[in-house]
Amino acid sequence: MSAEAMVFLFGVIVGAALLFVKVFFVILISDLEVDYINPIELCNKLNQFVLPEMFVHAFLSFIFLISGQWIATAWNLPLVAYNANKVMNGKHMFDATEIFRTLGQHKKECFIKLGFYLLSFFYYLYRMILALVNDS
């Protein structure tokens, strides 16, 4: 198996994990909208995944960068920059006192990231299959 195939296999695995996390976010936000969960519980559950999700995505982007996968790196850099900006401005965590006021924004962000991770997953899968076919 070539290095390119290994990199994109790692991308597929990480992409699936990021998809799972975003689906979890969307489900919990939907639960808050219909009052199945209170805001404090929601924030406690989601905040434990915010920084790890951002770190894992940045690490995946770094792996693409050092392996010379320029298209994958360019695809991921805007989201890495957006996440870094949120962390530097201190707006990355969910706040239980503000959650109902900012729920629409959080929901929109979750759906955009879910779509991004879904497209990324299929791109990584395609590139992994392409690398495996070219190896044989």
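Residues numbered from 1 in each chain as written. Predicted model: local features only at pLDDT ≥ 70, side-chain atom pairs only at ≥ 80, totals over all residues. Heavy atoms only, no water.

### Remarks on the packing of aromatic side chains
- Evaluation of the coordinates by the stated rule reveals 12 aromatic pairs.
- Look at Phe-8 and Tyr-124: their rings are 6.3 Å apart centre to centre, the planes differ by 40°, and that puts the pair in the tilted class. Of the two residues, Phe-8 sits in helix α1 (residues 3-33) while Tyr-124 sits in helix α4 (residues 103-135), which places them 116 residues apart along the sequence.
- Ring-pair connections join several aromatic residues into one group, and the members of that group are Phe-8, Phe-64, Tyr-123 and Tyr-124. (Phe/Tyr/Trp six-rings, centres within 6.5 Å; stacked < 30°, edge-to-face > 60°. Helix = DSSP H or I, 4+ residues; strand = E, 2+ residues; numbered from the N terminus.)

### Re the UniProt feature "transmembrane region" (unreviewed entry) in the protein chain
- Taking the UniProt record as the reference, the feature "transmembrane region" (unreviewed entry) is found at residues 7-29, 54-82 and 114-133.
- Secondary structure across residues 114-133 comprises 100% helix and 0% strand; the distance between its end C-alpha atoms is 29 Å. (UniProt positions renumbered as here; feature names shortened; annotations may be inferred.)

### Things to note about a nonpolar patch on the surface
- A surface patch of nonpolar side chains, amounting to about 820 Å² of accessible area, comprises Phe-10, Phe-55, Val-56, Phe-59, Phe-62, Leu-65, Ile-66 and Trp-70.
- When residues of the nonpolar patch are assigned to their parent elements, the largest contribution, six residues, is made by helix α2 (residues 39-66).
- Within the secondary structure, Ile-66 sits in helix α2.
- For Ile-66, a relative accessible area of 56% gives the class exposed. (Patch = residues over 30% accessible without salt bridge, like charges linked within 9 Å, V, L, I, M, F, W, Y side chains within 5 Å. Areas by Shrake-Rupley, 256 points an atom, 1.4 Å probe, with all protein chains shown as cover. Salt bridge = Lys/Arg side-chain N within 4 Å of Asp/Glu carboxyl O. Buried < 20%, exposed > 50% of the residue type's maximum accessible area, 1.4 Å probe, protein only.)

### Description of the packing of α1 against α4
- Two elements in contact, α1 and α4, have axes whose closest approach is 8 Å; the angle formed by their N-to-C orientations is 160°. The orientation of α1 relative to α4 falls into the category roughly antiparallel. As α1 runs across α4, the sense of the crossing is left-handed.
- A per-class count over the contact of α1 with α4 returns 25 nonpolar, three polar and seven charged. (Axes fitted to C-alpha atoms, helices over the stretch in contact; angles between N-to-C directions. Parallel < 35°, antiparallel > 145°, perpendicular 65-115°, else oblique. Left-handed = near helix turned anticlockwise from the far one by under 90°. Nonpolar A, V, L, I, M, F, W, Y, C, P; charged D, E, K, R; others polar.)

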